[in-house]
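Structure assessment
In case you want the letters, here they are:
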Amino acid sequence: RLRLTFTSGFEIGGSGGWLILKDAFHVHLLVTAIKKDEEFNTHIRLAAMDGYETYEVGQVTVPVTVAQHMRQRLAQQGALVGMNWLPVDEYAVVVTVEVTDFKLDTLSLAGANLDYVDDNLGYSDVAQLTDLIEMAN
């Protein structure tokens, strides 16, 4: 946690400040498509929910360990990742992403770091588009 105070210090019972939780910018997004490139890097397209519909907010390159986990999980369900975009939104692969910047004009991620795949989550856990908009303000 990080505490930003209005004065030079914080005293119990004194003036407060802002409290920023470490996980405040960690959101769950749905993987809608996946592909490998010529160097075998894995890329995914991410979406937030807009009500009950998905809304694509960007794409990221996946770290190797996360990519292996994701590709193995999809392969167990019969989806093999290749060089073309493979739609995978029906498999409910949810990832935790640290959002560092969000563009309001395009409603897209301007900065994001993929943390991990959370196999315990599903569609109902995916962040709403409004959550990302609020983050940008």
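Here the residue numbers are simple positions, counted from 1 along each chain's written sequence. Under the rules for a predicted model, residues below a pLDDT of 70 receive no local features and side-chain atom pairs below 80 are neither given nor counted, while totals for whole chains, interfaces and linings still include all residues. Heavy atoms from the whole structure form the basis of all side-chain values; hydrogens and water molecules are not counted.

**Notes on unusual backbone geometry**
With a phi close to 55°, Ala92 is a non-glycine residue in the positive phi region. With a phi close to 50°, Leu107 is a non-glycine residue in the positive phi region. The secondary structure listing takes helices from DSSP runs of H or I that are at least 4 residues long and strands from runs of E that are at least 2 residues long, numbered from the N terminus. Within the secondary structure, Leu107 sits in the loop between β7 (94-103) and β8 (108-117). Of the residues examined, Leu107 reaches a relative accessible area of 22% and is grouped as partly exposed. Throughout, exposure labels follow a simple rule: accessible area from a 1.4 Å probe, protein chains only, divided by the maximum for the residue type, with under 20% read as buried, over 50% as exposed, and the rest as partly exposed.

**Examining the side chain of Asp37**
Of note, Asp37 is situated in the loop between β3 (26-36) and β4 (42-50). No salt bridge is formed by the buried Asp37, whose closest oppositely charged neighbour, Lys35, lies at an N-O distance of 7.1 Å. Within the structure, Asp37 has its side chain in polar contact with the backbone nitrogen of Glu39 (distance 3.0 Å). Here His43 takes part through its side chain, which lies 2.8 Å from a polar atom of the side chain of Asp37. We call two residues contacting when some pair of their heavy atoms lies within 4.5 Å. Setting aside chain neighbours within four positions, we find Asp37 in contact with His43 and Met83. Only four residue types enter the charge count: Lys and Arg as positive, Asp and Glu as negative, with His and the chain ends excluded. Salt bridges, as used here, are contacts in which a Lys or Arg side-chain nitrogen is within 4 Å of a carboxyl oxygen on Asp or Glu. For this analysis, a polar contact is any N or O atom pair within 3.5 Å, provided that within protein one partner can donate a hydrogen and the other can accept it, and provided that sequence-adjacent residues contribute only side-chain to side-chain pairs.

Interpretation note: all reported values are geometric properties and have no functional meaning in isolation.
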